[in-house]
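# Notes for the structure review
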Amino acid sequence: MNNGLDLGVEFKDLGRFEVTGADFDKAAFKMPSLRNIEYTSPYMHDGRFNTLEEVVEHYNSGVKMSPTVSPLIIPTIQKGLGLSAQDKADLVAFLKTLSDPGLLTNPAYAN
Ligand code: HEM
């Protein structure tokens, strides 16, 4: 999906289009799992965001329109999500509930 990181004229990485050649795949990237997202900064395909706070601010106020942006996210573009500072802190706190440090340290999962 294209989660509105860039305007169409700014697409540098064409994402899934490179594989399918379909115009609607321009700037589409795999929607990743958010498990252990706390530990895997930087974020997005090009690592443009260093913190979860920056990611949340992208969805709150930074989503950009383009010919391939996901229809799921278009309704948020004009006015943003309107999250308060508390909402944003709560959302980051929620993302951190997806942390499973045991998965990272358990020798059973080492290579
Ligand atoms: C407020 C709601 C959302 C939150 C908190 C959220 C969170 C995140 C985070 C933390 C990442 C970075 C993952 C990583 O780099 O490993 C991400 C990437 C992504 N999200 Fe969301 N997301 C939200 C809404 C959406 C929606 C509505 C869509 C559908 C359009 C979407 C599609 C994607 C895609 C395609 C990526 C990968 C982009 C890339 O690699 O450049 N997300 N999201």
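Structure report, in brief. (Residues numbered from 1 in each chain as written. Predicted model: local features only at pLDDT ≥ 70, side-chain atom pairs only at ≥ 80, totals over all residues. Heavy atoms only, no water.)

### What to know about the coordination of the iron atom of the ligand
Within the protein, just one atom coordinates the iron atom of the ligand: Tyr59 (OH), at a distance of 2.0 Å. Along the chain, Tyr59 turns up in helix 2 (residues 52–62). (Donors = N, O, S within 2.8 Å, 3.2 Å for Na, K, Ca; no water. Helix = DSSP H or I, 4+ residues; strand = E, 2+ residues; numbered from the N terminus.)

### As for the nonpolar core
By size, the foremost hydrophobic cluster in this structure holds nine residues: Leu5, Ile37, Tyr43, Phe49, Leu52, Val55, Val56, Val92 and Leu95. Counting residues per element, the ones that place at least two in this core are helix 2 and helix 3 (85–96). In terms of residue count, the dominant contributor to this core is helix 2 (three residues). Excluding anything up to four places from it in sequence, Leu52 contacts Ile37, Glu38, Tyr43, Val92, Leu95 and Lys96. (Core = buried A, V, L, I, M, F, W, Y, C linked by side-chain atoms within 4.5 Å. Buried < 20%, exposed > 50% of the residue type's maximum accessible area, 1.4 Å probe, protein only. Contact = heavy atoms within 4.5 Å.)

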